[in-house]
Amino acid sequence: MIEKIYDRILHRNPGEKEFHQAVWEVLESLEPVFARRPELLDESLIERLCEPERQIIFRVPWSDDSGKTHVNRGFRVEFNSALGPYKGGLRFHPSVNLGIIKFLGFEQTFKNALTGMPIGGGKGGSDFDPKGRSDAEVMRFCQSFMTELYRHLGEYTDIPAGDIGVGEREIGYLFGQYRRITNRWEAGVLTGKGVLWGGSQARSEATGYGLVVFTAEMLKTRGESLEGKRVVVSGSGNVAIHAMEKARQLGAVPIACSDSGGYVVEEKGIDLELLKEVKLAERGRLSAYAERSGARFVPDGRVWEVPCEVALPSATQNELDRDDAATLVRNGVLAVGEGANMPTTPEGVRVLREAGVLFGPGKAANAGGVATSALEMQQNASRDSWTFEHTEARLTEIMRHIHDLCHTTAERYGRPGDYVAGANIAGFELVERGMVAQGLI
Ligand code: NDP
Ligand code: 2IT
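Residues numbered from 1 in each chain as written. Chains lettered and ligands numbered in written order. Predicted model: local features only at pLDDT ≥ 70, side-chain atom pairs only at ≥ 80, totals over all residues. Heavy atoms only, no water.

**Looking at the site of ligand 1**
Next up, step 1: The full set close to ligand 1 counts 24 residues, and Asp163, Thr207, Ser260, Arg285 and Asn341 are the nearest of them.
Next up, step 2: At 3.0 Å from an oxygen atom of ligand 1 is found a main-chain nitrogen or oxygen belonging to Gly165.
Next up, step 3: Take Arg285: an N or O atom from its side chain is 2.7 Å from an oxygen atom of ligand 1.
Next up, step 4: Protein chains bury 83% of the 880 Å² of accessible surface belonging to ligand 1 in isolation.
Next up, step 5: Of the residues assigned to the shell around ligand 1, the class counts are four nonpolar, 13 polar and seven charged. (Near = heavy atom within 4 Å. Polar contact = N/O pair within 3.5 Å; in protein donor to acceptor, adjacent residues only side chain to side chain. Areas by Shrake-Rupley, 256 points an atom, 1.4 Å probe, with all protein chains shown as cover. Nonpolar A, V, L, I, M, F, W, Y, C, P; charged D, E, K, R; others polar.)

**Some remarks on the packing of helix 10 (residues 272-281) against helix 11 (residues 286-293)**
Next up, step 1: Where helix 10 meets helix 11, the axes come as close as 9 Å, and the angle between the chain directions of the two elements is 140°. You can see that helix 10 and helix 11 cross each other, and the crossing is right-handed. Side by side, helix 10 and helix 11 meet where Leu274, Leu275, Glu277, Val278 and Lys279 of the first sit next to Leu286, Ala288, Tyr289, Arg292 and Ser293 of the second.
Next up, step 2: In terms of residue class, the contact of helix 10 with helix 11 is built from six nonpolar, one polar and three charged. (Axes fitted to C-alpha atoms, helices over the stretch in contact; angles between N-to-C directions. Helix = DSSP H or I, 4+ residues; strand = E, 2+ residues; numbered from the N terminus. Left-handed = near helix turned anticlockwise from the far one by under 90°. Contact = heavy atoms within 4.5 Å.)

**Observations regarding the site of ligand 2**
Next up, step 1: Residues in close proximity to ligand 2 total 14 residues, the closest being Lys87, Lys111, Asp163, Arg203 and Ser373.
Next up, step 2: Within the side chain of Lys123, one N or O atom sits 3.0 Å away from an oxygen atom of ligand 2.
Next up, step 3: The contact in question runs from an oxygen atom of ligand 2 to an N or O atom on the side chain of Asn341, over 3.1 Å.
Next up, step 4: Within the complex, the protein chains bury 94% of what would otherwise be the 300 Å² of accessible surface of ligand 2.
Next up, step 5: Among the residues making up the shell around ligand 2, the classes are represented as two nonpolar, seven polar and five charged.

**Focus on the UniProt feature "active site" (unreviewed entry) in the protein**
Next up, step 1: Taking the numbering used here, the UniProt-annotated feature "active site" (unreviewed entry) corresponds to Lys123.
Next up, step 2: Mapped onto the secondary structure, Lys123 falls in strand 4 (residues 121-126).
Next up, step 3: Leave out the neighbours within four places in its chain, and Lys123 touches Arg76, Val77, Gly89, Ile101, Leu104, Gly105, Gln108, Asp163 and Asn341. (UniProt positions renumbered as here; feature names shortened; annotations may be inferred.)

In structure tokens, the structure reads:
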């Protein structure tokens, strides 16, 4: 039955391989739910869940510093609003296409439900490549993007935030243009804002910090902790850097990270202050960090070759495959927590699970970012701003709740320790209840 439904989804969404992958991973986990509650299949819930409520595709023309005109494509997929307004990031990367945005929006729907906050799921972005572009070029692109998108947004409708290639600078340009067009100082329409103008403390740290809290909770179930563990992270952007920072605070040693040009290894621990300077302030390459720190730089290598006890894939989808997983297992990895969305291929997940490695799927493990976005919305709605300590304490509490929810749900369905099943079933049950309660939508 599930195979039949999946076949129809494949036919209706040709060529969208990442979307197919994300859907199958969830459907596969839901078999025990349908075995207990077959009536769910009669209500076409799966078909409804897999069909976005709305998909917006638009032209984004902009001119570069030399006056040359470029055209990019903008996307916003408003996936599901059963539990709250559409919420999810914007990705600016040349690889972006509709299938990638749909996989991200689909995942986001369940992730947001797991946070326990009143937010639905959505995702957007563009195939614009910000690399090597001046601030003025990025600003003109963001202004053109928002000139089309603004009509679909609103604090009660759809609230974007950052993702790959979109951070505080881009959110600033987007917010400025939204404000200019609408003549409204509507802070709650975007999250990830600068703290000076409506942003939340701890939002930029939140995804990486939350990921490490989740991973520490998984280790705790085996009587282990992060103390003294070697941590290897992929990527060296917002999520990766803050994951390494929290890991270090909890006594672990982050020894390697990567970008699309290669990876660095530093057995004594990555110099996070220098890394932030190079990657965040200067928007430089990891090779430049290695030159300045004296760390070993391996161009074009796989960061998963570096032996470690904890691995945190935090760059992009399908970046950890079967061979990488086998290498990690051979080297004695204890836990893998996904900072990125769907970074481990299905075969990679299978290898890790079969070897008994603790595995925290992205929709649970990286939910701290969007949860803190929801805390930013709360602060905006009450025209308040909280301290870093208070916000981080709320984030930690939410991550522990998500961990426990996934853990107990997996047990309830006879799959102890299977966080993939736990996250997919718990997320599904929450969204399904919202959808059924609100009638045929
Ligand atoms: P950033 O743009 O800050 O950093 C992205 C990092 O990943 C960079 O080091 C980049 O290297 C690397 N990377 C991106 N795409 C590729 C690719 N195709 N191949 C190799 N390396 C790549 O993004 P974030 O840190 O915000 O996001 C990282 C991941 O975390 C994404 O999967 C995102 O969806 C997920 N995520 C982000 C959240 C957030 O709050 N920001 C919340 C939850 C999940 P390079 O600079 O060389 O391109
Ligand atoms: O994938 C994600 O959860 C994000 N990029 C963050 C979304 C958000 O709205 O904060």
